[in-house]
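Each chain is listed here by its residues.
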Amino acid sequence: MEISVARERLEEMRADLDRTVTVLMGEHHLSRGGGAEAGDAGANLTEADRNAAAVQSAAAQRAEVLAALARVDDGSYGRCVDCGGQVPEPRLEARPATARCVPCQGKRDRRRR
């Protein structure tokens, strides 16, 4: 993937994630707000928990995008952060923020289980 295209896609992803976090944080605040009837308290807590999980997920994705942008800046974008090998073009097209080649990502996933 051409580096300018990668940077543009990553910056768009970052902006989308920023908007998502902003919206979810607003919803999280509203779901924790007062005015709920006693019967709604449990439902609001569950909704707040879902929002918090969504915010956490979006923040993790944003961190991956920022790390990819840093790799663009330092010239290492497209290289696996583990083995240093080339990340295949189709993988970068599908997942612009990816940091690893398929074999290294597989090893990482197996270790995390």
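Described below are features of the structure shown in this document. For clarity, every value in this text was computed on a predicted model and none was experimentally measured.

The next subject is the environment of Ala 99. Turning to its location among the elements, Ala 99 is positioned in the loop between helix H3 (89–94) and helix H4 (102–112). By relative accessible area, Ala 99 is classed as buried at 15%. Expressed as a C-alpha distance, the spacing of Ala 99 and Gly 78, which sit 21 residues apart in the sequence, is 7.6 Å. Sequence-distant contacts of Ala 99, defined by excluding residues within four places in its chain, comprise Arg 71, Arg 79, Cys 80 and Val 81.

Here H4 has its buried residues at Cys 104, Gln 105 and Gly 106. Looking at the buried side of H4, the elements it contacts are H3.

Cut-off values and rules
- Residues numbered from 1 in each chain as written.
- Predicted model: local features only at pLDDT ≥ 70, side-chain atom pairs only at ≥ 80, totals over all residues.
- Heavy atoms only, no water.
- Helix = DSSP H or I, 4+ residues; strand = E, 2+ residues; numbered from the N terminus.
- Buried < 20%, exposed > 50% of the residue type's maximum accessible area, 1.4 Å probe, protein only.
- Contact = heavy atoms within 4.5 Å.

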